[in-house]
Amino acid sequence: MGLYDKLNSRWHERALQILTVIVLGHWAEHLVQAYQIYVMGWPRPKALGILGLFYPWLIQSEALHYGFAIVMLIGIWTLRKGFTGTALKWWTIALYIQFWHHIEHLLLITQATIHHNLFHSPVPTSILKLVFPRVELHLFYNAVVFIPMMIGMYYHMFPPLGESSPNCTCEWRPKAVQPAAA
């Protein structure tokens, strides 16, 4: 059994937990950034989240943002085989949305790399960034990827009747009732 098969069977639960920690850490960064802007009144260029307080150059780098987008895309794609039925449907929705999110970041990192911005913008821009501010757009993307991921995980852990995955350890099954000892 290869790595891919192990990640989608006996290691699926641990792999999903690791991906969830990464996603929640990313969420925390964006929520702190929004808090810095809307509650603390910081100007947007100074509101860099928790990591940005210590490593502002890292947060301002398109490489970090693209790296996260690609890690998410690879994580969702790689762990998809372990899902079935309703869980697979929701996980696939998250995959499609994350793919688009990745395309937006690919546009940003390409512009930053070649030093030529789209639409005569003074800074690298993406398609939806033309309409929405970056902080709000990232909160939106995080939400629209996270929600179907969590719904998919819920149906994966608590599958409807007939949708169990026999090779996965993620399902929370009630323990079989043991006959009373005589």
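About the criteria used
Residues numbered from 1 in each chain as written. Predicted model: local features only at pLDDT ≥ 70, side-chain atom pairs only at ≥ 80, totals over all residues. Heavy atoms only, no water. Core = buried A, V, L, I, M, F, W, Y, C linked by side-chain atoms within 4.5 Å. Buried < 20%, exposed > 50% of the residue type's maximum accessible area, 1.4 Å probe, protein only. Helix = DSSP H or I, 4+ residues; strand = E, 2+ residues; numbered from the N terminus. Contact = heavy atoms within 4.5 Å. Expected span 1.5 Å × (residues − 1). Patch = residues over 30% accessible without salt bridge, like charges linked within 9 Å, V, L, I, M, F, W, Y side chains within 5 Å. Areas by Shrake-Rupley, 256 points an atom, 1.4 Å probe, with all protein chains shown as cover. Salt bridge = Lys/Arg side-chain N within 4 Å of Asp/Glu carboxyl O. Phe/Tyr/Trp six-rings, centres within 6.5 Å; stacked < 30°, edge-to-face > 60°. Axes fitted to C-alpha atoms, helices over the stretch in contact; angles between N-to-C directions. Parallel < 35°, antiparallel > 145°, perpendicular 65-115°, else oblique. Left-handed = near helix turned anticlockwise from the far one by under 90°. Nonpolar A, V, L, I, M, F, W, Y, C, P; charged D, E, K, R; others polar.

1. Some words on the nonpolar core
By size, the foremost hydrophobic cluster in this structure holds 27 residues, and its most contacted members are Leu16, Leu19, Val23, Met72, Ile76, Trp91 and Met149. Taken together, the elements giving at least two residues each to this core come down to α2 (12-38), α5 (62-79), α6 (85-114) and α7 (134-157). Beyond its immediate chain neighbours, meaning those up to four positions away, Met72 contacts Leu19, Val23, Gln98, Val145 and Met149.

2. Quick look at the environment of Pro148
Take Pro148: it is sitting in helix α7. Taking the relative accessible area as the measure of exposure, Pro148 reaches 5% and is therefore buried. Through-space distance from the C-alpha of Pro148 to that of Trp27 is 15 Å; in sequence the pair is 121 residues apart. Setting aside anything within four residues of it in sequence, one finds Pro148 in contact with Trp90, Trp91, Ile93, Ala94, Ile97 and Ala143.

3. Considerations on α6
Taking 1.5 Å per residue as the helical rise, α6 with its 30 residues ought to reach 44 Å, and the 43 Å between its terminal C-alpha atoms agrees with that figure. Just downstream of α6 lies His115, where phi reads positive at about 60°.

4. What about a nonpolar patch on the surface?
Side chains of Ile50, Leu51, Leu53, Phe54, Tyr55 and Trp57 sit close together on the surface and give an oily, nonpolar patch of about 680 Å² of accessible area. It is helix α3 (residues 49-54) that provides the largest number of residues to the nonpolar patch, a total of four residues. Mapped onto the fold, Leu51 is located in helix α3. Note on Leu51: relative accessible area 35%, which makes it partly exposed.

5. Looking at the packing of aromatic side chains
Taken as a whole and judged by the stated rule, the model has seven aromatic pairs. When the centroid spacing of 6.0 Å and the interplanar angle of 50° are considered together, the rings of Phe140 and Tyr141 count as tilted. The buried category is assigned to Tyr141, whose relative accessible area is 3%. Taking the centre distance of 5.4 Å and the plane angle of 75° together, the rings of Tyr154 and Tyr155 count as edge-to-face. Members of the aromatic cluster, connected to one another through ring pairs, are Tyr154, Tyr155, Phe158 and Trp172.

6. Here's the deal with the environment of Tyr4
Here Tyr4 shows up in helix α1 (residues 3-7). Once residues lying within four places of it in the same chain are set aside, the contact partners of Tyr4 are Thr78 and Lys81.

7. Quick look at the side chain of Thr125
Within the fold, Thr125 resides in the loop between α6 and α7. Excluding anything up to four places from it in sequence, Thr125 contacts Leu107, Leu108, Gln111, Leu118, Phe119 and Leu130.

8. Some details on the packing of α5 against α6
At a closest axis distance of 9 Å, the pairing of α5 and α6 adopts a crossing angle of 155°. Taken together, the axes of α5 and α6 lie roughly antiparallel to each other. The hand of the α5/α6 crossing is left-handed. Across from Glu62, Ala63, His65, Tyr66, Ala69, Ile70, Met72, Leu73, Ile76, Trp77 and Leu79 in α5, the residues of α6 making contact are Trp91, Ala94, Leu95, Gln98, Phe99, His102, His105, Leu106, Leu108, Ile109 and Ala112. When grouped by side-chain class, the residues that make up the contact of α5 with α6 number 17 nonpolar, four polar and one charged.

9. Quick look at the pattern of salt bridges
Using the criterion set out here, one finds three salt bridges in the structure. Of the charged contacts in the structure, one is a salt bridge between Arg44 and Glu136, with a shortest N-O distance of 2.7 Å. Note that Arg44 is positioned in the loop between α2 and α3 and Glu136 in helix α7, a separation of 92 residues in sequence. Residue classification places Glu136 among the partly exposed positions, given a relative accessible area of 23%. When the shortest N-O distance is used, the salt bridge between Glu62 and Arg134 registers 2.8 Å. Remark: Arg134 occurs in helix α7 and Glu62 occurs in helix α5; sequence separation between them is 72 residues.

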